[in-house]
Number of protein chains: 2
Amino acid sequence: MNAIDDAKYMAYAISLAKKGQYSTTPNPQVGCVIVKNNKIVGEGYHKKAGEPHAEIHALRSAGENAQGADVYVTLEPCSHTGRTGPCTQALIEAGVQRVVIACTDPNPLVSGRGVNMLKDANVNVTLGVLEQKAKKVNVAFFNRMQKKRPYLIAKLACSLDGKTALANGKSQWITSEAAREDVQVERARACAILTGANTVISDDPRLTVRSDSLEPATQSAFNYRGKQALRVIIDGKNRLSSQFQLFKDGNQNLVFNLKENQSLVSLPGTRQHQIKSVGEHVDLHEALQYLAIEEHINLVWVEAGASLCGALLSEGLIDELIVYQAPLILGDKGRDLLVLPELTDLKKAISAPFSSITRVGNDVKYRIKLDSTNKTDRS
Amino acid sequence: MNAIDDAKYMAYAISLAKKGQYSTTPNPQVGCVIVKNNKIVGEGYHKKAGEPHAEIHALRSAGENAQGADVYVTLEPCSHTGRTGPCTQALIEAGVQRVVIACTDPNPLVSGRGVNMLKDANVNVTLGVLEQKAKKVNVAFFNRMQKKRPYLIAKLACSLDGKTALANGKSQWITSEAAREDVQVERARACAILTGANTVISDDPRLTVRSDSLEPATQSAFNYRGKQALRVIIDGKNRLSSQFQLFKDGNQNLVFNLKENQSLVSLPGTRQHQIKSVGEHVDLHEALQYLAIEEHINLVWVEAGASLCGALLSEGLIDELIVYQAPLILGDKGRDLLVLPELTDLKKAISAPFSSITRVGNDVKYRIKLDSTNKTDRS
C-alpha cells in the first residue's frame, strides 16, 4: 500500500469517525477501515460509550477477511480492558498484518501502549497518517486529556453593531429562524451546555436540543445518544430556585455554587458542586477542571450573557467563538455583547482570524478559533 | 438582431460604461457599442464631463460603418446642446438604422426627448434592454436626478463587538491594511466625501484618495478625473480652523455652517454655506439637497463618527452601508459604532439583508442596501 492509498483510506476512516459526533460522549470519535487487496472489506465507527469501539465493529464486518489485512484507525487502539475488551488484542487475534494509525492516544498514561503491543505481536504499524485531521475531529477530547479542561465554544448572537438586546432587554429575535436552527445542531455536539444564573433568571431557557428541528440524519445520530447534554449553571450567589424550566424537564443539571455559601437550596434533577471563589465569583478554572476530570466533559457549548462570556474570554478559557450576526442596527443604547475589563492598548485586544464566514439565513455566522497563533494584522 | 444578441451587446456597453466610474462626475457613466452584420464596428464610453459622450466616441471609432448599423447605448442619448453637441443628432446624421437604449434619461425635463427625436428621424428605437442593470451603474446619478439628493454610502469600521475605538479613543488600527486599501477604491468612486467637524478635530484626516495605493487600472482611471472628491464637512458649531490638513493640501472643501452663526472664520480652499438648523444641528436634508442641486453631487462617501452617521441613518438618508469588521474584541468599554435614539421595539430597528459579504484581508466587508424592501426575518 503506498502513501496515497494510506491517506485515502484514512480520510475515509475519519469520515466514519465523524458519524459519532453526536453520540460518543465522553468517548472520542473513532473510525476504522479494513483493507485487503486494495479493497475495503470491513468498516466501523464508535457510536456510543459502552458499545464496541470502531475496530471491533470493523473486525466484525470483515470477518475472516481481516486475516492478513491492513487496518486504518483514526486513534491508537486501546490496550486496556474497559467496558469493552482491548482492541489491540482483538486486532492481533484477527491476524491483521498492518495497522495504520492517525494519532496516538492523548492520555499520557496509555499513549503508545497499543502501538507497542501491536509491534510486540509482529504487526506492522504506521503512525501519523492524516494526524492533524484526525486530531481536529477530537479536538475537544484531546483538550480534556491534555489540558484537563473541556474545549469551550461560546455562542454569541448580536446585531451588526454588536448589540444583543435593546436597552429594555428585548432580544426576541435578533437573529433569524435559520440561525436559531443552526444553534440546535451546534448544541447537539456538546457534552455540556454552560450558562449563568443570570441567563436562567432572565430568559428561563431550556437549553436542550429540540431534536425534531434537526435534519433526519443528525436527528437520528443525536437520538442514539439517548440523553441531552448536561446543563451546567454557574450560580455564585445562590439565586436559583426550582421554578425554572431547567429543573422541571427531567434532564440533568449541574450547578456550581461558591464554597462560602453553606445553605444550598435543593434543585430537582440537579447535582450541586461548590467551588472556591475568586473575588466574589466562582473560580472558572476550577469549575472547568471539575467538568473535565469528574464529569468527563469534552465539549462545552457556552450560551451565556455578556458578563460570564466576558469573564471566560478574559481568563483565556474560550477556545472558539461562534458569532451569529444579524443585518440589524440597534444603536449605542442597546446591550453590549461582551463585558470585559477596560483596554488601553489595542494590541492587547482579543484577536484571531476568522476560521470561517458563512451565511445562515439572513445572518452571517463567524467561527473564530482563539487558540490560533496567527494574530490579526493591525500594525 | 434577436433579444439574446441585444442583451449581449448591451451587457458589453454596460461594462464599457463602468470604465468611467472614477471620472465622469457629475455626469452619468455611459457606454456605447455599434454593431453591423453582427460585428462590433465601434465602441466608446464617457470618460469625463466636458469631453465627448459615449455615442460620439463610438461613432468616431465606427466611421462610415455606422451607416445602417445598430447602436447600443446604456442611457438615452442626449437631445440638448451642452458642452458637447446633442448625441441624438449625431446618431441621425451618421445614418444608423436602430438605437437600442437601456434606460431613459432620469431628468424629467428631458426624459424621452432623445427617443422621440430618433423616432421622428425614422430611426428604429428599442427601449429597456437590461434596464435594471444599466440603472444600477448610475444609481447615484438617478438618485440625484429623481430625489434631488445624492446617494449616500456610509463607511463603518468596527470590531466584532461593534466598537470603533477603545474608551481612551485609540483606534489605530482596528481594521487591517487590506481594508484600508479597499476604502481607497471606494473613496475613488465618490463625488464628495462627507464628514463632521468632530472627526476633523479628533483625527485630522486628509480624506483624499492616495492614488498610488490603487491598482494601476484604477489609478489611471481615477487620475483621468484630475481632481479629488469634494470634501464636505458639517460644522454646526463653527469649530473648524485653518490648522487642519484638509485646509492645507489645495483640494476643495465645502463646509456647512448654521444659518444662525454669523461670524464665519475663512478657511483656505473652502466654500462655506449656511444651512438652517433643526434643534441645534445642521438640517441634513437641506444640506444634502444643496449638494445635489447646487454642487451636482451624485455619490457621497460618508466617513464620519458615530453621531453624524447615526443622525443620517435615523433620518433615512443613508442608502448603503459598507461595514468593515475586524475579528477583534474590544469589550463594552469601547466606543459604539452608531449613536441612535433609544429603541423600544425590535421591529423598528434599521434592518436590511446583506447584499454581499466578502473577505478583505483579515476582515470581512459587508454591503447593505438600506432602500431594500426585503426586511430581515425576525418574526
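Before reading on, note that the structure itself is shown above.
Residues numbered from 1 in each chain as written. Chains lettered and ligands numbered in written order. Predicted model: local features only at pLDDT ≥ 70, side-chain atom pairs only at ≥ 80, totals over all residues. Heavy atoms only, no water.

J.: Help me understand the interface of chain B and chain A in this model?
T.: The parts lose accessible area when they come together, and the size of an interface is often stated as this lost area. Across the contact, 59 residues belong to chain B and 59 residues belong to chain A. Three residues stand out in chain B for area buried against chain A, namely Leu160, Ile329 and Leu346 of chain B, and they jointly supply 15% of the buried area on that side. Our count for the chain B to chain A interface comes out at 2 salt bridges. Residue lysine 163 of chain B pairs with aspartate 336 of chain A through a salt bridge whose shortest N-O separation is 2.7 Å. At the boundary of chain B with chain A, the tally comes to 21 residue pairs in polar contact (both at pLDDT 80 or more). Within the residue set of the side of chain B that touches chain A, elements represented by two or more residues are α7 (177-188), β15 (320-326), β16 (328-329), β18 (350-351), β19 (354-360) and β20 (363-369) of chain B. Here the element with the most residues in the side of chain B that touches chain A is β19 of chain B; it accounts for 5 residues. Counted by class, the side of chain B that touches chain A contains 30 nonpolar, 15 polar and 14 charged residues. Of the strand pairs in this sheet, strand β16 (residues 328-329) of chain A and β18 of chain B are connected by 2 bridges, and their pairing is antiparallel. For isoleucine 329 of chain A, the partnering residue across the bridge sits in β18 of chain B and is isoleucine 350 of chain B. (Contact = heavy atoms within 4.5 Å. Buried area = accessible area lost by both parts, 1.4 Å probe. Salt bridge = Lys/Arg side-chain N within 4 Å of Asp/Glu carboxyl O. Polar contact = N/O pair within 3.5 Å; in protein donor to acceptor, adjacent residues only side chain to side chain. Helix = DSSP H or I, 4+ residues; strand = E, 2+ residues; numbered from the N terminus. Nonpolar A, V, L, I, M, F, W, Y, C, P; charged D, E, K, R; others polar. Pairing = 2+ DSSP bridges.)

J.: It is not clear to me how the sheet that holds strand β1 (residues 31-36) of chain A should be interpreted in this structure. Could you clarify?
T.: Each strand in a sheet pairs with its neighbour through backbone hydrogen bonds, running either in the same direction (parallel) or in the opposite one (antiparallel). Residue and element names in this part refer to chain A. Here we have 5 strands laid out as an open sheet, ordered β2-β1-β3-β4-β5, and mixed in their pairing. Each of the sheet's edge strands pairs with one partner strand only, and the pair in question is β2 (39-45) and β5 (124-127). Within the sheet, the average angular offset between the axes of one strand and its neighbour, ignoring direction, is 15°. When strand β4 (residues 98-103) meets β5, the two strands line up parallel, connected through 4 bridges. What sits directly across from valine 99, in β5, is valine 125. (Axes fitted to C-alpha atoms, helices over the stretch in contact; angles between N-to-C directions.)

J.: How should the relation of the copies chain B and chain A be read in this particular structure?
T.: One copy of the chain maps onto the other through a rotation about an axis plus a displacement along that axis. For the pair chain B and chain A, the superposition axis carries a translation of 0.0 Å, the fit reaches an RMSD of 0.0 Å, and the rotation angle comes to 180°. Put plainly, the chains are arranged around a two-fold axis. When C-alpha positions in chain B are compared against the rotation axis, the closest is assigned to glycine 162 of chain B, at 2.1 Å. The overlap is high: 100% of the interface residues of chain B also sit at the interface in chain A, so the same surface is used on both sides. (Least-squares fit on C-alpha atoms with pLDDT ≥ 70 in both.)

J.: Is there a simple way to explain the packing of aromatic side chains in this structure?
T.: Each aromatic ring pair is described using two quantities: the centre-to-centre distance and the angle formed by the ring planes. Residue and element names in this part refer to chain A. Summed over all chains, the structure comprises 8 aromatic pairs over all chains. Ring geometry for phenylalanine 256 versus tyrosine 290: centroids 5.8 Å apart, planes at 85°, classification edge-to-face. Note that phenylalanine 256 is positioned in strand β10 (residues 253-258) and tyrosine 290 in helix α10 (residues 284-293), a separation of 34 residues in sequence. Over the aromatic face of tyrosine 224 sits the side chain of lysine 47, whose NZ or CZ is 4.2 Å from the ring centroid. The ring of tyrosine 224 has lysine 48 lying over it, and the distance from NZ or CZ to the ring centre is 5.5 Å. (Phe/Tyr/Trp six-rings, centres within 6.5 Å; stacked < 30°, edge-to-face > 60°. Lys NZ or Arg CZ within 6 Å of the ring centre and 35° of its normal.)

J.: Sorry if this is basic, but what is going on with the environment of serine 202 of chain B here?
T.: All names here are of chain B. With respect to the helices and strands, serine 202 occurs in helix α8 (residues 197-203). Residue serine 202 is classed as exposed on the basis of its relative accessible area, which comes to 57%. Measuring from C-alpha to C-alpha, the distance between serine 202 and glycine 169 comes to 9.2 Å, with 33 residues separating the pair along the chain. (Buried < 20%, exposed > 50% of the residue type's maximum accessible area, 1.4 Å probe, protein only.)

J.: Looking at this structure, how should I read the pairing of β2 of chain A?
T.: Each regular strand displays side chains that alternate between the two surfaces of the sheet. Residue and element names in this part refer to chain A. As defined by bridge partners, β1 adjoins β2 across 6 bridges and the pair is classed as antiparallel. Looking at the pairing, glycine 31 lines up with tyrosine 45 of β2. Hairpin remark: β1 followed by β2, antiparallel, with 2 residues in the connecting loop; positive phi at asparagine 37, about 50°.

J.: What's the story with the sheet that holds strand β11 (residues 270-275) of chain A in this structure? I'm lost.
T.: Residues and elements named next belong to chain A. Ordered by their spatial adjacency, 9 strands build an open sheet running β11-β10-β9-β8-β14-β6-β15-β20-β19, and the pairing between neighbours is mixed. Only two strands of the sheet have a single neighbouring strand rather than two, namely β11 and β19 (354-360). This sheet shows a mean twist of 20° between the axes of neighbouring strands, independent of strand direction. Bridge count for strand β6 (residues 151-159) against strand β14 (residues 299-302) is 4 bridges, and the pairing is parallel.

J.: Teacher, can you tell me more about α10 of chain A here?
T.: Helical geometry: 3.6 residues make up each α-helical turn, so side chains three or four residues apart lie on a common side. All of the buried residues along α10 of chain A are Leu284, Glu286, Ala287, Leu288, Leu291 and Ala292 of chain A. Measuring from the backbone nitrogen of histidine 285 of chain A back to the side-chain oxygen at the start of α10 of chain A gives 2.9 Å, which picks out aspartate 283 of chain A as the cap.

J.: Looking at this model, I keep getting lost on unusual backbone geometry. Mind explaining?
T.: Peptide bonds are trans in most cases, and residues, glycine excluded, mostly fall at negative phi. Residue and element names in this part refer to chain A. Between threonine 25 and proline 26 the backbone carries a cis peptide bond, its omega angle lying at 5°. By the secondary structure assignment, proline 26 is in the loop between α1 (3-18) and β1. Within the chain, lysine 148 stands out as a residue other than glycine whose phi angle is a positive 60°. Its place among the elements puts lysine 148 in the loop between α6 (139-147) and β6. The class of lysine 148 is partly exposed, set by a relative accessible area of 38%.

J.: Would you mind showing me how to read the packing of helix α2 (residues 54-62) of chain B against helix α3 (residues 87-94) of chain B here?
T.: In a packed pair of helices, the relevant descriptors are the angle between the two axes and the axis-to-axis distance. Residue and element names in this part refer to chain B. Relative to each other, α2 and α3 sit at 20°, their axes nearing to 9 Å. The orientation of α2 relative to α3 falls into the category roughly parallel. When the axes of α2 and α3 are compared, the crossing they make is left-handed. Every residue of α3 that contacts α2 at Glu55, Ile56 and Leu59 is listed here: Cys87, Ala90, Leu91 and Ala94. (Parallel < 35°, antiparallel > 145°, perpendicular 65-115°, else oblique. Left-handed = near helix turned anticlockwise from the far one by under 90°.)

J.: In this structure, what is going on with the nonpolar core? I would like to understand it.
T.: The biggest cluster of nonpolar side chains holds 131 residues, and the ones touching the most others in it are Leu312 of chain A together with Phe256 and Leu312 of chain B. Those residues in contact with leucine 312 of chain B that lie beyond four places of it in its chain are Leu152, Leu194, Leu284, Leu288, Val302, Leu317 and Ile318 of chain B. Among the nonpolar cores identified, the runner-up in size contains 42 residues, and Ala58, Leu59, Ala102 and Ala134 of chain A belong to it. (Core = buried A, V, L, I, M, F, W, Y, C linked by side-chain atoms within 4.5 Å.)

J.: Explain the pattern of salt bridges here, please?
T.: Any two side chains of opposite charge can pair, so long as their charged atoms come close to each other. Following the criterion strictly, the structure yields 40 salt bridges over all chains and no others. Residues aspartate 319 of chain A and arginine 149 of chain A are paired through a salt bridge, measuring 3.3 Å at the closest nitrogen-oxygen approach. Taken as a pair, aspartate 319 of chain A in the loop between α11 (306-314) and β15 (320-326) and arginine 149 of chain A in the loop between α6 and β6 lie far apart in primary sequence, 170 residues in all. For aspartate 249 of chain B, the salt bridge is made with arginine 231 of chain B, and the minimal N-O distance between the two is 2.7 Å. Residue aspartate 249 of chain B is found in the loop between β9 (230-234) and β10 (253-258), and its partner arginine 231 of chain B is found in strand β9; the two are separated by 18 residues along the sequence. The class for aspartate 249 of chain B is partly exposed, based on a relative accessible area of 33%. Through salt bridges that share partners, Asp182, Glu186, Arg189, Glu320, Lys365 and Arg367 of chain A make up one connected network.

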